[in-house]
Amino acid sequence: MNANYSATVPSNIAFIKYWGKRPNAPQWPANDSLSMTLNQLATRTSARRYQGDDHSLRLGDRMYTRNDKQLGKTFVHLDRLALRFGFTQKLQITSTNSFPMGAGIASSASGLAALTLASLMAWTDSKNWDDLERHGFDRTMLADLSRLGSGSACRSLFGGFVQWEAGPDPDSQRYASLFSDEHWALRDTVVLFSSEQKAVGSTAAHELAWSSPLFIPRLSGLPERMELVKQAVADREIQALGLWLEVEALEMHAVIMTASQPVHYLNQEALQFLADLRQARQQGEIHAYFTIDAGPNIHVIHEAGEHERLKLWLQRRMAADRLLHDSVGAGPRLDFQSE
Ligand code: PMV
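In this text, all values refer to a predicted model and were calculated from it rather than measured experimentally.

*Asks:* Is there a simple way to think about the packing of aromatic side chains in this case?
*Replies:* Aromatic ring pairs are described here by two measures, namely the spacing of the ring centres and the angle between the planes. A full pass over the atoms with the stated rule returns 10 aromatic pairs. Ring geometry for Trp-210 against Phe-215: centres 4.8 Å apart, planes inclined by 85°, an arrangement best described as edge-to-face. Site record: aromatic cluster; members linked through ring pairs are Phe-85, Phe-87, Trp-123 and Phe-137. Seen from the ring of Trp-28, Arg-22 lies directly overhead, with NZ or CZ sitting 4.2 Å from the centre. The ring of Phe-336 carries the charged tip of Lys-127 above its face, separated from the ring centre by 4.9 Å.

*Asks:* What is the right way to look at the pairing of strand S8 (residues 186-191) in this model?
*Replies:* Put simply, side chains in a regular strand alternate between the two faces of the sheet. Of all 6 residues making up S8, 5 are buried, and the element is well covered by its neighbours. When S8 meets strand S10 (residues 298-303), the two strands line up antiparallel, connected through 6 bridges. Paired with Thr-189 across the strands is Val-300, a residue of S10. Of the pairings in the sheet, the one linking S8 to strand S11 (residues 323-327) comprises 5 bridges and is antiparallel in character.

*Asks:* I'm lost on the nonpolar core in this one. Help?
*Replies:* Nonpolar side chains in soluble globular proteins tend to end up buried together. Residues Leu-117, Leu-120, Trp-123, Leu-132 and Phe-137 are the most contacted members of the largest nonpolar core, which totals 42 residues. Of all the elements in the fold, those that place two or more residues in this core are strand S1 (4-16), strand S3 (56-59), helix H1 (72-85), strand S5 (90-97), helix H2 (107-124), helix H4 (139-149) and strand S6 (161-165). No other element matches the 10 residues that H2 contributes to this core. The contact partners of Leu-120, leaving out residues within four places of it in the chain, are Phe-87, Leu-132, Phe-137, Leu-142 and Leu-145. The next biggest cluster of nonpolar side chains, apart from the first, holds 37 residues, and it includes Phe-15, Ala-30, Leu-34 and Leu-241.

*Asks:* Got a minute to help me understand unusual backbone geometry in this structure?
*Replies:* The general pattern is negative phi for most residues beyond glycine and trans for most peptide bonds. The backbone of Asn-24 shows a phi angle near 60°, a positive value even though the residue is not glycine. Mapped onto the elements, Asn-24 comes out in the loop between S1 and strand S2 (33-50). Looking at Asn-24, the relative accessible area reads 86%, which means it is exposed.

*Asks:* Is there a simple way to think about the site of the ligand in this case?
*Replies:* Taken together, 14 residues lie around the ligand, and Tyr-18, Ser-152, Arg-155, Ser-202 and His-206 are the ones closest in. One of the backbone nitrogen or oxygen atoms of Tyr-18 is found 2.8 Å away from an oxygen atom of the ligand. Take His-206: an N or O atom from its side chain is 3.0 Å from an oxygen atom of the ligand. Look at the ligand: alone it shows 380 Å² of surface, and the protein chains cover 95% of it.

*Asks:* I keep staring at the sheet that holds S8 and nothing clicks. Help me out?
*Replies:* The pairing of strands in a sheet happens through backbone hydrogen bonds and is either parallel or antiparallel. What the 4 strands build is an open sheet, ordered S9-S10-S8-S11; its pairing is antiparallel. The open sheet terminates on both sides in strands that have one partner only, identified here as strand S9 (289-292) and S11. Pairs of neighbouring strands in the sheet enclose a mean axial angle of 25°, with direction left out of account. The strands touched by helix H7 (residues 238-257) are S8, S9 and S10; relative to S9, the strand with the most contacts, the crossing angle is about 30°.

*Asks:* How do you make sense of the pattern of salt bridges when you look at a structure like this?
*Replies:* As enumerated under the stated definition, the model contains 17 salt bridges in all. Asp-293 is the salt-bridge partner of Lys-17, the closest N and O atoms lying 2.9 Å from each other. Of this pair, Lys-17 sits in the loop between S1 and S2 while Asp-293 sits in the loop between S9 and S10; the two residues are 276 residues apart in sequence, bridging distant segments of the chain. Per residue, the accessibility class of Lys-17 equals that of Asp-293, and both read buried. Residues Asp-68 and Arg-62 are paired through a salt bridge, measuring 3.3 Å at the closest nitrogen-oxygen approach. One salt-bridge network, held together by shared partners, links Arg-218, Arg-225, Glu-248 and Glu-251.

Cut-offs applied
Residues numbered from 1 in each chain as written. Predicted model: local features only at pLDDT ≥ 70, side-chain atom pairs only at ≥ 80, totals over all residues. Heavy atoms only, no water. Phe/Tyr/Trp six-rings, centres within 6.5 Å; stacked < 30°, edge-to-face > 60°. Lys NZ or Arg CZ within 6 Å of the ring centre and 35° of its normal. Buried < 20%, exposed > 50% of the residue type's maximum accessible area, 1.4 Å probe, protein only. Helix = DSSP H or I, 4+ residues; strand = E, 2+ residues; numbered from the N terminus. Pairing = 2+ DSSP bridges. Core = buried A, V, L, I, M, F, W, Y, C linked by side-chain atoms within 4.5 Å. Contact = heavy atoms within 4.5 Å. Near = heavy atom within 4 Å. Polar contact = N/O pair within 3.5 Å; in protein donor to acceptor, adjacent residues only side chain to side chain. Areas by Shrake-Rupley, 256 points an atom, 1.4 Å probe, with all protein chains shown as cover. Axes fitted to C-alpha atoms, helices over the stretch in contact; angles between N-to-C directions. Salt bridge = Lys/Arg side-chain N within 4 Å of Asp/Glu carboxyl O.

Structure follows, in C-alpha coordinates:
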(Lines give C-alpha, C1' and ligand atoms only; values in the text may rest on other atoms or scores of the structure.)
Protein backbone atom coordinates (compact mmCIF):
# COMPACT_ATOMS: atom_id res chain seq x y z
CA MET A 1 0.00 0.00 0.00
CA ASN A 2 1.36 3.41 -0.95
CA ALA A 3 -0.82 6.25 0.27
CA ASN A 4 -0.97 9.64 -1.40
CA TYR A 5 -1.21 12.76 0.79
CA SER A 6 -2.33 15.96 -0.94
CA ALA A 7 -2.71 19.63 -0.15
CA THR A 8 -4.35 22.24 -2.37
CA VAL A 9 -3.21 25.69 -1.31
CA PRO A 10 -4.38 28.95 -2.88
CA SER A 11 -2.14 31.88 -3.62
CA ASN A 12 -2.71 35.16 -1.76
CA ILE A 13 -2.58 38.79 -2.79
CA ALA A 14 -1.21 41.29 -0.26
CA PHE A 15 -3.14 44.49 0.47
CA ILE A 16 -0.34 45.66 2.82
CA LYS A 17 2.86 44.20 1.41
CA TYR A 18 5.53 42.22 3.17
CA TRP A 19 8.59 43.95 1.82
CA GLY A 20 12.03 43.74 3.43
CA LYS A 21 13.26 41.49 6.21
CA ARG A 22 14.96 42.28 9.48
CA PRO A 23 18.56 41.08 9.48
CA ASN A 24 20.00 38.09 11.35
CA ALA A 25 16.75 36.19 11.84
CA PRO A 26 15.04 33.55 9.73
CA GLN A 27 12.28 35.23 7.72
CA TRP A 28 11.45 38.00 10.15
CA PRO A 29 9.64 40.68 8.16
CA ALA A 30 10.32 44.38 8.59
CA ASN A 31 6.57 45.06 8.87
CA ASP A 32 3.15 43.50 9.43
CA SER A 33 1.24 42.57 6.28
CA LEU A 34 -2.35 41.82 5.31
CA SER A 35 -3.59 39.74 2.39
CA MET A 36 -6.61 38.18 0.78
CA THR A 37 -6.41 34.44 0.23
CA LEU A 38 -7.49 33.51 -3.28
CA ASN A 39 -9.65 30.61 -4.36
CA GLN A 40 -8.85 29.13 -7.81
CA LEU A 41 -5.23 30.23 -8.28
CA ALA A 42 -3.69 27.40 -6.33
CA THR A 43 -0.99 24.76 -6.13
CA ARG A 44 -1.93 21.15 -5.60
CA THR A 45 0.91 19.04 -4.23
CA SER A 46 0.86 15.32 -3.48
CA ALA A 47 3.49 13.38 -1.58
CA ARG A 48 4.02 9.67 -1.17
CA ARG A 49 6.73 7.81 0.68
CA TYR A 50 9.07 5.92 -1.60
CA GLN A 51 12.31 3.98 -1.62
CA GLY A 52 14.78 6.17 -3.48
CA ASP A 53 18.14 7.77 -2.80
CA ASP A 54 16.70 11.26 -3.02
CA HIS A 55 13.32 12.94 -3.15
CA SER A 56 11.77 13.01 -6.60
CA LEU A 57 9.91 16.05 -7.82
CA ARG A 58 7.52 16.50 -10.72
CA LEU A 59 6.08 19.94 -11.41
CA GLY A 60 3.49 19.99 -14.18
CA ASP A 61 4.86 17.70 -16.88
CA ARG A 62 8.55 18.05 -15.95
CA MET A 63 10.79 16.22 -13.52
CA TYR A 64 13.28 18.25 -11.49
CA THR A 65 16.38 17.31 -9.49
CA ARG A 66 18.07 19.20 -6.68
CA ASN A 67 20.54 20.60 -9.24
CA ASP A 68 17.81 22.48 -11.10
CA LYS A 69 18.34 26.09 -10.08
CA GLN A 70 14.75 27.00 -10.79
CA LEU A 71 13.33 24.68 -8.13
CA GLY A 72 16.31 24.42 -5.78
CA LYS A 73 14.19 26.14 -3.11
CA THR A 74 11.94 23.08 -3.00
CA PHE A 75 14.72 20.64 -2.15
CA VAL A 76 16.23 23.08 0.34
CA HIS A 77 12.86 23.25 2.07
CA LEU A 78 12.40 19.47 2.17
CA ASP A 79 15.93 19.12 3.62
CA ARG A 80 15.17 21.81 6.21
CA LEU A 81 12.01 20.02 7.40
CA ALA A 82 13.62 16.57 7.37
CA LEU A 83 16.62 17.78 9.38
CA ARG A 84 14.57 19.67 11.94
CA PHE A 85 12.21 16.76 12.70
CA GLY A 86 14.49 13.85 11.95
CA PHE A 87 12.54 12.45 8.98
CA THR A 88 14.67 10.13 6.85
CA GLN A 89 12.04 8.77 4.47
CA LYS A 90 12.41 10.00 0.87
CA LEU A 91 9.30 11.40 -0.81
CA GLN A 92 7.90 11.38 -4.30
CA ILE A 93 6.36 14.81 -4.85
CA THR A 94 3.98 15.79 -7.65
CA SER A 95 2.81 19.35 -7.97
CA THR A 96 0.61 21.31 -10.37
CA ASN A 97 -0.16 25.02 -10.48
CA SER A 98 -3.40 26.38 -11.86
CA PHE A 99 -1.46 29.41 -13.18
CA PRO A 100 1.86 30.13 -14.97
CA MET A 101 4.80 29.66 -12.62
CA GLY A 102 7.08 32.64 -11.98
CA ALA A 103 4.49 35.00 -13.44
CA GLY A 104 4.59 37.14 -10.32
CA ILE A 105 1.40 35.73 -8.89
CA ALA A 106 3.09 34.24 -5.87
CA SER A 107 3.54 30.68 -7.04
CA SER A 108 6.13 30.48 -4.28
CA ALA A 109 3.48 31.30 -1.64
CA SER A 110 1.07 28.56 -2.67
CA GLY A 111 3.88 26.23 -3.75
CA LEU A 112 5.93 26.30 -0.56
CA ALA A 113 2.84 26.10 1.66
CA ALA A 114 1.50 23.11 -0.31
CA LEU A 115 4.89 21.42 -0.15
CA THR A 116 5.07 21.94 3.63
CA LEU A 117 1.61 20.47 4.16
CA ALA A 118 1.87 17.49 1.79
CA SER A 119 5.35 16.46 2.92
CA LEU A 120 4.49 16.65 6.63
CA MET A 121 1.29 14.67 6.02
CA ALA A 122 3.31 11.95 4.26
CA TRP A 123 6.08 11.86 6.86
CA THR A 124 3.66 11.68 9.82
CA ASP A 125 0.92 9.64 8.08
CA SER A 126 -1.58 12.45 8.74
CA LYS A 127 -4.80 12.29 6.76
CA ASN A 128 -6.30 15.59 7.91
CA TRP A 129 -5.73 18.72 10.03
CA ASP A 130 -6.49 16.91 13.31
CA ASP A 131 -3.87 14.25 12.62
CA LEU A 132 -1.31 16.94 11.83
CA GLU A 133 -2.13 18.75 15.06
CA ARG A 134 -1.75 15.55 17.08
CA HIS A 135 1.78 15.31 15.68
CA GLY A 136 2.52 18.85 16.88
CA PHE A 137 1.78 20.64 13.61
CA ASP A 138 -1.02 23.06 14.37
CA ARG A 139 -1.90 25.85 11.91
CA THR A 140 0.56 28.33 13.50
CA MET A 141 3.40 25.82 13.40
CA LEU A 142 2.56 25.00 9.76
CA ALA A 143 2.56 28.72 8.91
CA ASP A 144 5.91 29.17 10.71
CA LEU A 145 7.41 26.33 8.68
CA SER A 146 5.90 27.47 5.36
CA ARG A 147 7.30 30.95 6.00
CA LEU A 148 10.81 29.53 6.10
CA GLY A 149 10.30 28.32 2.51
CA SER A 150 8.81 31.60 1.29
CA GLY A 151 7.70 34.48 3.53
CA SER A 152 4.29 35.14 2.00
CA ALA A 153 3.46 31.39 2.08
CA CYS A 154 2.50 31.65 5.77
CA ARG A 155 -0.58 33.74 4.93
CA SER A 156 -1.88 31.10 2.49
CA LEU A 157 -2.42 28.71 5.41
CA PHE A 158 -5.53 30.69 6.36
CA GLY A 159 -8.69 31.66 4.50
CA GLY A 160 -10.30 35.07 3.98
CA PHE A 161 -8.42 38.22 5.00
CA VAL A 162 -5.21 37.34 6.79
CA GLN A 163 -2.79 39.35 8.90
CA TRP A 164 0.83 38.35 9.51
CA GLU A 165 2.33 40.21 12.46
CA ALA A 166 6.10 40.53 12.68
CA GLY A 167 5.98 40.52 16.51
CA PRO A 168 8.56 41.77 19.02
CA ASP A 169 11.03 38.98 18.26
CA PRO A 170 11.46 36.47 15.39
CA ASP A 171 9.86 33.63 17.37
CA SER A 172 6.69 35.58 18.18
CA GLN A 173 5.34 36.06 14.68
CA ARG A 174 1.56 35.72 14.55
CA TYR A 175 -0.98 34.89 11.87
CA ALA A 176 -4.72 35.40 11.98
CA SER A 177 -7.65 35.32 9.63
CA LEU A 178 -9.34 38.61 10.60
CA PHE A 179 -12.42 37.98 8.45
CA SER A 180 -13.54 34.80 6.72
CA ASP A 181 -14.06 34.54 2.96
CA GLU A 182 -17.78 35.03 3.58
CA HIS A 183 -17.27 38.50 5.00
CA TRP A 184 -16.92 40.26 1.65
CA ALA A 185 -17.22 38.89 -1.91
CA LEU A 186 -14.11 40.56 -3.29
CA ARG A 187 -12.62 39.51 -6.58
CA ASP A 188 -9.14 39.68 -8.07
CA THR A 189 -8.62 39.63 -11.84
CA VAL A 190 -4.95 39.23 -12.67
CA VAL A 191 -3.80 40.86 -15.89
CA LEU A 192 -0.68 39.13 -17.20
CA PHE A 193 1.93 41.38 -18.72
CA SER A 194 4.67 38.79 -18.73
CA SER A 195 4.77 35.12 -17.87
CA GLU A 196 8.54 34.93 -18.07
CA GLN A 197 10.59 34.07 -14.99
CA LYS A 198 11.41 37.26 -13.09
CA ALA A 199 14.90 38.65 -13.73
CA VAL A 200 15.37 39.34 -9.99
CA GLY A 201 13.56 37.05 -7.58
CA SER A 202 11.94 38.44 -4.44
CA THR A 203 14.57 36.92 -2.09
CA ALA A 204 17.33 39.08 -3.60
CA ALA A 205 15.06 42.12 -3.91
CA HIS A 206 13.95 41.93 -0.22
CA GLU A 207 17.59 42.27 0.84
CA LEU A 208 17.93 45.50 -1.09
CA ALA A 209 14.96 47.22 0.59
CA TRP A 210 17.04 48.83 3.35
CA SER A 211 19.26 50.54 0.77
CA SER A 212 16.34 52.65 -0.50
CA PRO A 213 16.01 56.10 1.14
CA LEU A 214 12.25 55.57 0.97
CA PHE A 215 12.22 52.42 3.07
CA ILE A 216 12.47 53.81 6.62
CA PRO A 217 9.85 56.52 5.95
CA ARG A 218 7.63 53.74 4.52
CA LEU A 219 8.00 51.64 7.69
CA SER A 220 7.09 54.57 9.92
CA GLY A 221 3.82 55.15 8.04
CA LEU A 222 2.70 51.54 7.84
CA PRO A 223 1.07 51.00 11.27
CA GLU A 224 -1.43 53.78 10.54
CA ARG A 225 -2.05 52.50 7.00
CA MET A 226 -2.63 49.00 8.35
CA GLU A 227 -5.39 50.30 10.65
CA LEU A 228 -7.06 52.18 7.77
CA VAL A 229 -6.96 49.14 5.50
CA LYS A 230 -8.32 46.85 8.23
CA GLN A 231 -11.15 49.30 8.86
CA ALA A 232 -11.97 49.47 5.13
CA VAL A 233 -12.15 45.66 4.99
CA ALA A 234 -14.23 45.54 8.19
CA ASP A 235 -16.67 48.11 6.71
CA ARG A 236 -16.55 46.61 3.18
CA GLU A 237 -15.61 50.02 1.80
CA ILE A 238 -14.13 49.35 -1.63
CA GLN A 239 -13.19 52.95 -2.34
CA ALA A 240 -11.30 53.44 0.93
CA LEU A 241 -9.59 50.08 0.51
CA GLY A 242 -8.82 50.63 -3.16
CA LEU A 243 -7.11 53.98 -2.76
CA TRP A 244 -4.78 52.51 -0.11
CA LEU A 245 -4.12 49.44 -2.24
CA GLU A 246 -2.77 51.61 -5.01
CA VAL A 247 -0.65 53.79 -2.71
CA GLU A 248 0.77 50.66 -1.08
CA ALA A 249 1.67 48.90 -4.34
CA LEU A 250 3.24 52.00 -5.87
CA GLU A 251 5.19 52.71 -2.69
CA MET A 252 6.62 49.18 -2.67
CA HIS A 253 7.66 49.59 -6.30
CA ALA A 254 9.17 53.00 -5.50
CA VAL A 255 11.29 51.32 -2.78
CA ILE A 256 12.35 48.63 -5.24
CA MET A 257 13.17 51.21 -7.93
CA THR A 258 15.22 53.39 -5.57
CA ALA A 259 17.31 50.61 -3.98
CA SER A 260 21.08 50.52 -4.54
CA GLN A 261 20.50 48.00 -7.32
CA PRO A 262 17.18 49.19 -8.69
CA VAL A 263 14.77 46.73 -10.23
CA HIS A 264 12.02 47.74 -12.67
CA TYR A 265 9.35 45.07 -12.62
CA LEU A 266 6.72 47.06 -14.52
CA ASN A 267 7.03 47.33 -18.28
CA GLN A 268 5.63 50.10 -20.52
CA GLU A 269 2.44 48.23 -21.24
CA ALA A 270 1.72 47.60 -17.56
CA LEU A 271 2.34 51.27 -16.68
CA GLN A 272 -0.02 52.39 -19.42
CA PHE A 273 -2.62 49.95 -18.11
CA LEU A 274 -2.46 51.53 -14.62
CA ALA A 275 -3.12 54.98 -16.11
CA ASP A 276 -5.99 53.65 -18.26
CA LEU A 277 -7.61 51.88 -15.31
CA ARG A 278 -7.51 55.05 -13.21
CA GLN A 279 -8.91 57.13 -16.05
CA ALA A 280 -11.77 54.69 -16.67
CA ARG A 281 -12.54 54.78 -12.95
CA GLN A 282 -12.57 58.56 -12.88
CA GLN A 283 -14.98 58.54 -15.81
CA GLY A 284 -17.27 56.12 -13.98
CA GLU A 285 -16.80 53.28 -16.50
CA ILE A 286 -15.53 50.79 -13.91
CA HIS A 287 -15.14 50.64 -10.16
CA ALA A 288 -11.90 48.74 -9.58
CA TYR A 289 -8.45 49.29 -8.07
CA PHE A 290 -5.04 47.82 -8.70
CA THR A 291 -2.36 46.22 -6.61
CA ILE A 292 0.95 44.73 -7.79
CA ASP A 293 3.42 42.23 -6.32
CA ALA A 294 7.13 42.02 -7.11
CA GLY A 295 6.49 41.31 -10.76
CA PRO A 296 4.97 42.82 -13.87
CA ASN A 297 1.39 41.62 -13.50
CA ILE A 298 -1.48 43.74 -12.24
CA HIS A 299 -4.16 42.51 -9.83
CA VAL A 300 -7.47 44.30 -10.30
CA ILE A 301 -9.46 44.20 -7.07
CA HIS A 302 -13.21 44.77 -7.21
CA GLU A 303 -16.51 43.73 -5.69
CA ALA A 304 -18.39 40.74 -7.12
CA GLY A 305 -21.19 42.98 -8.41
CA GLU A 306 -18.68 44.84 -10.58
CA HIS A 307 -17.18 41.76 -12.18
CA GLU A 308 -19.14 41.52 -15.46
CA ARG A 309 -18.68 45.20 -16.29
CA LEU A 310 -14.94 45.04 -15.52
CA LYS A 311 -14.54 41.83 -17.52
CA LEU A 312 -16.07 43.48 -20.61
CA TRP A 313 -13.81 46.50 -20.15
CA LEU A 314 -10.74 44.26 -19.83
CA GLN A 315 -11.71 42.03 -22.74
CA ARG A 316 -11.83 45.03 -25.04
CA ARG A 317 -8.12 45.58 -24.26
CA MET A 318 -6.61 42.16 -23.63
CA ALA A 319 -6.77 38.67 -25.09
CA ALA A 320 -8.82 36.46 -22.76
CA ASP A 321 -5.81 34.22 -22.06
CA ARG A 322 -4.05 37.14 -20.37
CA LEU A 323 -6.77 37.42 -17.73
CA LEU A 324 -7.07 35.17 -14.66
CA HIS A 325 -10.29 35.64 -12.73
CA ASP A 326 -10.41 34.75 -9.05
CA SER A 327 -12.05 35.68 -5.76
CA VAL A 328 -11.47 35.49 -2.02
CA GLY A 329 -11.27 31.87 -0.83
CA ALA A 330 -11.49 29.71 2.27
CA GLY A 331 -7.87 28.51 2.46
CA PRO A 332 -6.11 25.17 1.96
CA ARG A 333 -7.73 21.76 1.57
CA LEU A 334 -6.14 18.44 2.48
CA ASP A 335 -7.00 15.04 1.11
CA PHE A 336 -5.77 11.51 1.28
CA GLN A 337 -6.04 8.50 -1.02
CA SER A 338 -4.94 5.02 0.01
CA GLU A 339 -3.96 2.83 -2.92
O1 PMV B 1 7.25 35.57 -0.09
P2 PMV B 1 8.27 36.25 -0.92
O3 PMV B 1 9.62 36.23 -0.34
O4 PMV B 1 8.21 35.77 -2.36
O5 PMV B 1 7.90 37.83 -0.96
C6 PMV B 1 6.84 38.30 -1.73
C7 PMV B 1 6.41 39.62 -1.26
C8 PMV B 1 5.31 40.24 -2.09
O9 PMV B 1 4.57 39.27 -2.80
C10 PMV B 1 5.86 41.23 -3.11
C11 PMV B 1 4.38 41.00 -1.16
C12 PMV B 1 3.56 40.12 -0.26
O13 PMV B 1 3.36 40.52 0.89
O14 PMV B 1 3.06 39.08 -0.70
